[in-house]
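Coordinate inspection notes
Letter by letter, the chains look like this.
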Amino acid sequence: MSSKTMLVLGTVLAMFVFSAVSSGNKRYKETLYSVIKDEDYDPELRPNAGGPPVNISVFVYITSIHSLSEVSMDYGATLVLSLQWDDPRFAFNGTEDIDLRSGSKLVDKIWTPDLYFVNVKEGKLHEITMSNKHMRIMPAGRILYDMRVSLILICHLHLHRFPMDRQRCGLEIESFGYTIRDMQLDWDPHTGVVMAPEVTMSEFNVGDPNNIKTTVEYPAVGKFDKLTCSFSLHRQLIFYVMEHYAPSFLLVILSWVSFWLSVEATPARASLGITTALTLTTLSSSARAQMARVSYTKAIDIWMLVCLIFVFAALLEFAVASYLAKHTEAIYSSDSYSESSIPLRHLELKEYTSVRPELLRNDLRINMDDVRPESPREARRRSYKRLSRTIDKYSRGFFPLAFLFFNSVYWPFYLHNYYDDDVDVH
């Protein structure tokens, strides 16, 4: 048999199979139409109305998680929600499934579960380019219903350890009107919730989802099945180290430069202290602007507050040292012996000196410290000046040691269990 003949026969066979499948699908759809048009069929009644509850199997495929906000305490997610249940009214004698694609008007004429997301703020069904819904009816009456939705979901964040925190967010699914007497929900036993491999967040490491089923009771309404899916979000610290911690750390160190400047360099030390204090205040405000206005103290708040205290203390130290120095000058300027030496003509000299009087009057000087005792005012002046220099000297060691002690307590406390993936989070 030639290749041309085989090609013709293959084409004819393919057309025959396609025709058979098309006629089969057409015949099955006619069965579907006959059920929908039946006067006894009511799309508002659940399967087995008045009998045992209908079991809904739920599967969620998360395609993206994005835009978690600490201010509004919510996050965005895009997912595919897949539901399966048995409806004996649509059982038919056949071997092929009936697929109702996007845009089919028959989907709206078939009963579907009234599920809703409990913790949703906003949501929408994707309609580009067609409504993203699909329904498949199997010969045994098993119905598969898929839809693609984007949601803004509430996530209650615990920010005590921010930015070294780990959060747990998720989604909750319930039936709005059917109690457990009419509808029971279960996660799909084989899949449940699956997160796409490409799901990533710029600020968090996303953990594996965890699924549970509970029953909640609403007074005067009844009991409802509730499906909960949760996943952990492990915040990455490097951004906040570069954006907040490192600059504030350097500003604190910069404020210590004034301890090595002379106490008489008032403009330099004052401008350095004020500049570091204002810069750190601005940095602290920018860190708080990205956070919710919670009533408790966060880890970054403690860091910024302590850094501000250190910078303010350095500025206060300069004020004390400068005051003591100025007080010394006031005492020195009011001293009757403000000059370091006096002319020799005030001393009684022997007549037999061989030095000419005019040279003694103009050139020869004798230090007063060698000829008279130190006055109490000069003693206080020396004491104040020595005290101002001592304050600077001890501040050079005290401030770094105190800040080092704070860091040795702060970081181990907040980084405890930060890198442990097995620790449960709220």
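As a reminder, the structure under discussion sits directly above these lines.
Think of each chain on its own: its residues are numbered from 1, step by step along the sequence as written. In keeping with the model being predicted, local features are shown solely for residues with a pLDDT of at least 70 and side-chain atom pairs are shown and tallied solely at 80 or more, while totals for entire chains, interfaces and linings include all residues. Only hydrogens and water are set aside; all other atoms, that is, all heavy atoms of the structure, feed into the side-chain values.

1. Overview of the overall build of the protein
Looking only at helices and strands, the protein has six helices and 15 strands in total. The buried share of the protein, reckoned over its 426 residues, is 38%. Residue pairs at least 24 apart in sequence account for 79% of intrachain contacts in the protein once pairs closer than 6 positions are excluded. Accessible surface is estimated by sampling points in the Shrake-Rupley manner with a 1.4 Å probe; for residues, cover comes only from the protein chains shown. Per element, the accessible surface of the protein, about 25,200 Å² overall, is 59% carbon and sulfur. Runs of E in the DSSP output that reach at least two residues are strands. Runs of H or I that reach at least four are helices, and both are numbered from the N terminus. Relative accessibility under 20% of the residue-type maximum defines a buried residue, over 50% an exposed one, and the middle range a partly exposed one, all with a 1.4 Å probe and only protein chains included. Note on contacts: a residue pair is in contact if any heavy atoms of the two residues lie within 4.5 Å.

2. What about the state of the cysteines?
Two cysteine sulfurs form a disulfide in these notes if their separation is within 2.5 Å. Inspection of the entire model under this criterion finds one disulfide. In this model, Cys155 is linked to Cys169 through a disulfide, with the two sulfur atoms separated by 1.8 Å. Taking the torsion about the S-S bond as the criterion, the Cys155 to Cys169 disulfide, at about -80 degrees, is left-handed. With Cys155 in the loop between strand 7 (142-154) and strand 8 (166-175) and Cys169 in strand 8, this pair connects stretches of sequence that are 14 residues apart.

3. Some points on the pattern of salt bridges
Only one rule defines a salt bridge in this text: a Lys or Arg side-chain nitrogen within 4 Å of an Asp or Glu carboxyl oxygen. Within the structure shown, the criterion is met by 16 salt bridges. Notably, a salt bridge pairs Lys133 with Asp108, separated by 3.6 Å at the nearest N-O pair. On the criterion of sequence distance, the pair formed by Lys133 in strand 6 (residues 133-137) and Asp108 in the loop between strand 3 (98-100) and strand 4 (115-117) is long-range, its members being 25 residues apart. Here Glu317 ties to Arg269 by a salt bridge, and the two come within 3.2 Å at their closest N and O atoms. With Glu317 in helix 4 (residues 299-334) and Arg269 in helix 3 (residues 266-289), this residue pair connects regions lying 48 residues apart in the sequence. Its relative accessible area of 1% is what places Arg269 among the buried residues. Taken together, the shared-partner salt bridges in this structure form one network comprising Glu70, Asp165, Glu203 and Arg235.

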